[in-house]
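Spelled out from the first residue to the last, the chains are:
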Amino acid sequence: MTSTSAPSGTPSRSPTVNPRLLLASQLIFNAGFYMVLPFLAVHLRDNLAMAGAMVGMVLGIRTFSQQGLFVFGGALSDALGPRRIILLGCLIRTAGFLMLGFSDALPMILLGACLTGAGSALFSPAVSALLALAGSESEARGGQSRSALFARLAIWGECGAVMGPVLGALLLDVSFQLVSLAGAGVFVLMFFVLGRALPAGATTTQTDEPQASWWHVFHNPQFLAFIVIYSTALLSYNQLYLAMPVELERVGADEGALAIMFMLVSVLVIALQLPINRLARHVGPGISLPLGFLIYAAGFAAVAWAAPHAPAEGWLKLWPAAVMVSAIAIAQMIVRPVAMDLIPGFAGNKPLGVYYGALASAGGVAVLLGNAVAGDLLDGALTPAPGAGLPWWVLAGFPLVSAVALVVLFRLPALAHLRTRPAPKG
């Protein structure tokens, strides 16, 4: 049976987890992540001489093993408690980064990519569920909304993302091995800090009622439709790692430009996330979510228009990449906090971990399939040519379809409680 009750304001029976601890953990997590991942495609393509389709496969498998396993990571956090699952995730990601840095055989690289993703699959659903429960408690007291806390989570994460690529670019002058070693060290640090700070009795449960088995999430047709439609958001965001380096290579930019683009994302998020979130909450999910997906599509369309032509001179050659990156950042700022805020409304009185996991897993499937298509097509976009815009038009088509589908979905009577959810302060 579909669960449509909105549990906003329902206190959790878990020990209180300070939202600042969760926000700080996201900062550290992203710092370690962005030290390594933005440079992985460059390492695979340049140092290991992999073809574009193979690079796309490695990145797609990494994302799929992360996002695709989120539903199981969320279910484990519901069943075994978030603390032990978060700590296990830190250890697994450490092993994955070491394999990516010190392996040159494809099977070991694929294993490292899988472990890197699996670590996040254990970590992130638990953190999201704990933050959602903290937001519900805050709303019950008349404080910040869940959506505002998720917006702040994005800001703290981007603060880590500012640090990561800069440190990674500096270490990359020595070797990619040093980059991966430093990234692994960050997650070792997280293991010890969170091991002391997270309460052992914390849970991801919204009520004291007996809970059904974790696969109840697949009996919620409105939620399943939502996560399938929303999955192209992760596919679009993932092009910062797969497609953006291709565009920078097309215009003859160096690796420093890659770090600058990730810094641009971070600066935009830190400066604009809270005001954009307030505006998105004001207009409601029925408008803000389709608008966000249209902005994703517009960013890819800008590169599609420029790709067949010779690049401009100097810094002007970076304008298509800058437009795409800005559009992806703005769209992400619109859609992610709103979507994360809607999940407890879909879940009703069920544990939240598996719902947040399923949302991410659908995105992982989209990335695996989408990157398989885009990775092959993007080989034709490495130099200006008449057909160089095709992969970018294909990428623009995915979020465009989602924007239309969201308009239809939010007209369903069963989702009226989500359309009319009030906007608390914050």
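Rules used throughout
Residues numbered from 1 in each chain as written. Predicted model: local features only at pLDDT ≥ 70, side-chain atom pairs only at ≥ 80, totals over all residues. Heavy atoms only, no water. Helix = DSSP H or I, 4+ residues; strand = E, 2+ residues; numbered from the N terminus. Rg over C-alpha atoms; globule rule 2.2 N^0.38 Å. Buried < 20%, exposed > 50% of the residue type's maximum accessible area, 1.4 Å probe, protein only. Contact = heavy atoms within 4.5 Å. Areas by Shrake-Rupley, 256 points an atom, 1.4 Å probe, with all protein chains shown as cover. Lys, Arg positive; Asp, Glu negative; His and termini not counted. Charge placed at Lys NZ, Arg CZ, Asp CG, Glu CD. Salt bridge = Lys/Arg side-chain N within 4 Å of Asp/Glu carboxyl O. Core = buried A, V, L, I, M, F, W, Y, C linked by side-chain atoms within 4.5 Å. 1 Å grid on protein atoms, 1.4 Å probe; cavity = no way out; pocket = protein on both sides within 12 Å on 5 of 7 lines; lining within 4 Å. Points joined across faces, edges and corners; volume = space filled by probe spheres on them. Axes fitted to C-alpha atoms, helices over the stretch in contact; angles between N-to-C directions. Parallel < 35°, antiparallel > 145°, perpendicular 65-115°, else oblique. Left-handed = near helix turned anticlockwise from the far one by under 90°. Nonpolar A, V, L, I, M, F, W, Y, C, P; charged D, E, K, R; others polar. Phe/Tyr/Trp six-rings, centres within 6.5 Å; stacked < 30°, edge-to-face > 60°. Patch = residues over 30% accessible without salt bridge, like charges linked within 9 Å, V, L, I, M, F, W, Y side chains within 5 Å. Expected span 1.5 Å × (residues − 1). Arc of directions from axis to C-beta.

A word on the overall build of the chain. Each helix and strand in the chain was counted, giving 15 helices and zero strands. At 20 Å, the chain has a C-alpha radius of gyration in line with the 22 Å of a compact globule built from 426 residues. Buried positions account for 58% of the 426 residues belonging to the chain. Across the chain, the fraction of contacts at a sequence separation of at least 24, relative to all contacts at a separation of at least 6, is 86%. For the chain, the accessible surface area stands at approximately 15,800 Å², while carbon and sulfur atoms represent 69% of it. Distance from the positive charge centre (21 side chains) to the negative charge centre (17 side chains) of the chain: 15 Å.

This part takes up the side chain of Ser 120. Looking at the secondary structure, you find Ser 120 in helix 6 (residues 106-140). When residues no more than four places from it in sequence are discounted, the contact partners of Ser 120 are Phe 29, Gln 66, Phe 70, Arg 93 and Pro 125.

This part covers the pattern of salt bridges. Applying the stated rule across the entire model yields three salt bridges. Of the charged contacts, one joins Glu 247 and Arg 250 as a salt bridge, the two residues approaching to 2.8 Å between their closest N and O atoms. Here Glu 247 and its partner Arg 250 are both found in helix 9 (residues 221-250), three residues apart, which amounts to about one turn of the helix. Arg 250 shares its class with Glu 247; the two are buried.

What follows deals with the nonpolar core. Counting residues in each nonpolar core, the largest one holds 123 residues, and the members touching the most others are Phe 226, Met 244 and Trp 392. Sort the elements by how many residues they give to this core and helix 12 (residues 319-347) lands first, with 16 residues. Non-local contacts of Trp 392, meaning those with residues more than four positions away in its chain, are made with Ala 243, Glu 247, Phe 300, Val 303, Ala 304, Ala 307, Met 324, Leu 378 and Ala 381.

Within the secondary structure, Gln 26 sits in helix 1 (residues 19-36). In contact with Gln 26, not counting residues within four places along its chain, are Phe 123, Leu 153 and Gly 157.

To find leftover empty space, a probe the size of one water molecule is rolled over the atoms. What the largest pocket holds in volume is close to 200 Å³. Lining the largest pocket we find 13 residues, and of these Val 42, Asp 46, Pro 245, Glu 249 and Glu 255 sit closest to its centre. Of all elements in the fold, only helix 2 (40-47), helix 9 and helix 10 (255-283) reach the threshold of two or more residues within the lining of the largest pocket. Here the lining of the largest pocket gets five residues from one element, more than from any other, and that element is helix 9.

Moving on, we come to the environment of Arg 93. Topologically, Arg 93 is positioned in helix 5 (residues 82-102). On a C-alpha basis, the gap between Arg 93 and Leu 318 in space is 33 Å, while along the polypeptide they are 225 residues apart. Apart from the residues within four sequence positions on either side, Arg 93 is in contact with Phe 29, Phe 33, Arg 62, Gln 66, Leu 115, Thr 116, Gly 117, Gly 119, Ser 120 and Phe 187.

Packed helices, taken two at a time, are described by their axes: the angle between them and the distance between them. The contact between helix 9 and helix 13 (residues 353-378) brings their axes to 6 Å, and the two run at 45 degrees. In terms of orientation, helix 9 lies oblique with respect to helix 13. As for how helix 9 packs across helix 13, the hand of that crossing is right-handed. For the contact of helix 9 with helix 13, the per-class residue count stands at 18 nonpolar, eight polar and no charged.

The subject of this paragraph is the packing of aromatic side chains. Inspection of the entire model under this criterion finds 18 aromatic pairs. Between the aromatic rings of Phe 33 and Tyr 241, the centroid separation amounts to 6.3 Å while the plane-to-plane angle is 85 degrees, which identifies the pairing as edge-to-face. Of this pair, Phe 33 sits in helix 1 while Tyr 241 is found in helix 9, placing the two residues 208 residues apart along the sequence. Grouping residues by exposure puts Phe 33 and Tyr 241 together as buried.

With their axes 10 Å apart at the nearest point, helix 1 and helix 6 run at an angle of 150 degrees to one another. Between helix 1 and helix 6, the angle is such that the two are roughly antiparallel. Between helix 1 and helix 6 lies a crossing whose hand is left-handed. The segment helix 1 lies against helix 6, with Pro 19, Leu 22, Ser 25, Gln 26 and Phe 29 engaging Ser 120, Phe 123, Ser 124, Val 127, Leu 130, Leu 131 and Ala 134. Tallied by class, residues from the contact of helix 1 with helix 6 come to eight nonpolar, four polar and no charged.

Together, Leu 98, Phe 102, Val 174, Leu 178 and Leu 181 line one region of the surface with nonpolar side chains, adding up to about 450 Å² of accessible area. Where the nonpolar patch is concerned, the elements lending two or more residues are helix 5 and helix 8 (176-197). As for its position among the elements, Phe 102 is in helix 5.

We now examine the environment of Ala 306. Along the polypeptide, Ala 306 turns up in helix 11 (residues 285-306). Ala 306 sits in the buried class, given a relative accessible area of 6%. The spacing of Ala 306 and Trp 319 is 13 residues in sequence and 9.3 Å in space, taken between C-alpha atoms. For Ala 306, the residues in contact, after removing those within four places along its chain, are Arg 250, Trp 319 and Pro 320.

Since there are 3.6 residues in each turn of an α-helix, residues three or four apart along the chain are aligned in direction. Here helix 14 (residues 390-409) spans 29 Å end to end across 20 residues, near enough to the 28 Å set by a 1.5 Å rise per residue. For helix 14, the complete set of buried residues consists of Pro 391, Trp 392, Leu 395, Ala 396, Pro 399, Ser 402, Ala 403, Leu 406 and Leu 409. All buried residues of helix 14 fall inside an arc of 145 degrees around its axis, so they share one side. Counted as exposed and oriented over 90 degrees from the buried face of helix 14: Val 401, Val 404 and Val 408.

This next bit is on empty space enclosed by the protein. Scanning all chains against the criterion turns up three cavities of 30 Å³ or more. Its boundaries defined by the atoms lining it, the largest cavity holds a volume of some 810 Å³. For the largest cavity, the lining is made up of 39 residues, of which Gln 26, Gln 67, Tyr 237, Gln 332 and Arg 336 are closest to its centre. Looking at the lining of the largest cavity, the elements that each hand over two or more residues are helix 1, helix 3 (52-68), helix 6, helix 7 (146-172), helix 9, helix 10, helix 12 and helix 13. With seven residues, helix 9 is the single largest residue contributor to the lining of the largest cavity. Tallied by class, residues from the lining of the largest cavity come to 21 nonpolar, 14 polar and four charged.

Note that every value here comes from positions in space, so none of it alone points to a role or purpose.
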